[in-house]
Amino acid sequence: MFMMPYVTRLIRGYIPFAIALIVAVCCFNFFVLQANDAQRYQWAYNYYASGVLAPVEAEAFKAHLREQRNGTALRDFEALEAQNAIPLMLQQMGADPQFSARIDQGTLLATDDPQYHDWRSARAQFEQLESRIVTERFTFDTAAPDWAGAITHQFLHGGTGHLVGNMVVLLLVGPVVE
C-alpha cells in the first residue's frame, strides 16, 4: 500500500518559501489573470455562433466526417449542432487533427468560394478573441508541445474547487517533499 507522509501541524514558520510562492502565483493567476475567462469564452462563442463561422465550419466538418466514413462522430456532431452547443462543437472539430490543420492553413474553403474571404476574416477575428482567453493562451498543447506551455499550464485551474484542492495538497505534502 502507498503511504503518503504529511505534516500533522501546519505552522507559518514551517511552510517553505517555494511552497508559499507557488500558492501565491496560483492564487494570483486564478483570481486575477483567469478571472474574466468565462466572459471571454462567452464573447468568443457568441461571435462564432452569430456570424458565418458556425454554418460554414459545421457544414465543412460534416462533409469531412462523411469523407472519413465516421458515422458515429457525424451523428454526435449533428446532435450537438441541433442543440446549438457551440463549445462542444468547437471541441469536437478541434479534436480532429486533419480538420484543424485545414482551418489553420486556411484551406477549409476553396479560394474561389464566395464565402472564402468572409470566412477568413471572421476566423481571424475569432482567433483574436480566443487569444485573449488566459486559459487558451497558456494551456499545454499536446499537438505542438513547447517548454513555455509545459510550465505555464501547471498554474492554471479550472475552478475554485480545483484551486483549493491543489493548494491543500501542496501545503500538506510540499513541506515534506521539500
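Just above sits the structure.
Values in this document were obtained by computation on a predicted structure and should not be read as measured data. (Residues numbered from 1 in each chain as written. Predicted model: local features only at pLDDT ≥ 70, side-chain atom pairs only at ≥ 80, totals over all residues. Heavy atoms only, no water.)

Caption draft 1: Structural context of the side chain of H64. Positionally, H64 belongs in helix α3 (residues 53-67). Setting aside chain neighbours within four positions, we find H64 in contact with D96, Q98, F99 and R102. (Helix = DSSP H or I, 4+ residues; strand = E, 2+ residues; numbered from the N terminus. Contact = heavy atoms within 4.5 Å.)

Caption draft 2: Region of interest: the packing of aromatic side chains. Applying the stated criterion to the full structure yields six aromatic pairs. Ring geometry for F30 versus F31: centroids 5.0 Å apart, planes at 80 degrees, classification edge-to-face. Aromatic ring contacts, followed pair by pair, group F61, F77 and F99 into a single cluster. (Phe/Tyr/Trp six-rings, centres within 6.5 Å; stacked < 30°, edge-to-face > 60°.)

Caption draft 3: Main features of the pattern of salt bridges. Throughout the structure, instances matching the rule amount to six salt bridges. Of the charged contacts, one joins E59 and K62 as a salt bridge, the two residues approaching to 2.9 Å between their closest N and O atoms. Residue E59 and its partner K62 are located together in helix α3, separated by three residues, close to a single helical turn. With relative accessibility at 43%, the residue E59 sits in the partly exposed group. Accessibility expressed as a relative area gives 8% for K62, which makes it buried. Through salt bridges that share partners, E57, R123 and E127 make up one connected network. (Salt bridge = Lys/Arg side-chain N within 4 Å of Asp/Glu carboxyl O. Buried < 20%, exposed > 50% of the residue type's maximum accessible area, 1.4 Å probe, protein only.)

Any functional reading would require information beyond the geometric quantities listed.
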